[in-house]
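Each chain is listed here by its residues.
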Amino acid sequence: MDSESRNNMILGEEKFRYFCLEFLKHSQDIGDDWEWKNVQGEEEGYLSKTCYQTRVTKSDDGKKHEQEDEILSTITLEGDHEVEDDDNCVLPQGSLQSEVINYEYHVLYSISYQAPVLYFRASFLDGTPLTLDAIWAKVHDSYKPRLLHGPWETITQQVSSDDR
């Protein structure tokens, strides 16, 4: 392989930033809420997105429902109040409870791997992280065979000092 072909395969920091800015244009067009965050005092930065989703957990009688995977709505925070997106689901009042999960995504350039890396955090509003098993259960069906074959090569969990 010649050096020009090799250089086209490597995604440098400049190309990463260029493609991120292009991605952000598309994100703004579709209202997907990704944003660029600069590293303090640097030109370097990363893509970031935070979203909140509710999911049904159980009814008032305490019985667990199998509707946990159904996302009822996406919540965005505006100032100090929550604004809930329109929802096609109609739920009987008082029969189901829900919990809010905070998903935080960061895409940054890894100098070591010379590639973009996705970091994410999934936690409840009180800061308690979802268990790794709960996250693995949410993986899209098309990725489940790989997850079953090598779960630690697909999604791993790092506990920060804040979570201890």
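Residues numbered from 1 in each chain as written. Predicted model: local features only at pLDDT ≥ 70, side-chain atom pairs only at ≥ 80, totals over all residues. Heavy atoms only, no water.

- The name given to the protein in an unreviewed UniProt entry is Ubiquitin-like-conjugating enzyme ATG10, and the organism recorded there is Engystomops pustulosus.
- UniProt, in its Sequence similarities (unreviewed entry) section for the protein, records the words "Belongs to the ATG10 family." (UniProt positions renumbered as here; feature names shortened; annotations may be inferred.)

### Thoughts on the packing of aromatic side chains
Right, on to step 1. Applying the stated criterion across every chain yields a total of seven aromatic pairs.
Right, on to step 2. For the ring pair F23 and W34, a centre distance of 5.7 Å and an interplane angle of 75° mean the geometry is edge-to-face. Here F23, found in helix α2 (residues 13-30), pairs with W34, found in the loop between α2 and β1 (35-38); they are eleven residues apart in sequence, far enough to count as distant.
Right, on to step 3. With a relative accessible area of 16%, W34 lands in the buried category.
Right, on to step 4. When the centroid spacing of 6.2 Å and the interplanar angle of 40° are considered together, the rings of W34 and Y105 count as tilted. With W34 in the loop between α2 and β1 and Y105 in strand β5 (residues 96-110), the pair connects residues that are 71 residues apart, well separated along the chain.
Right, on to step 5. One aromatic cluster is present, formed by F23, W34, Y103, Y105 and F120 through successive ring pairs. (Phe/Tyr/Trp six-rings, centres within 6.5 Å; stacked < 30°, edge-to-face > 60°. Helix = DSSP H or I, 4+ residues; strand = E, 2+ residues; numbered from the N terminus. Buried < 20%, exposed > 50% of the residue type's maximum accessible area, 1.4 Å probe, protein only.)

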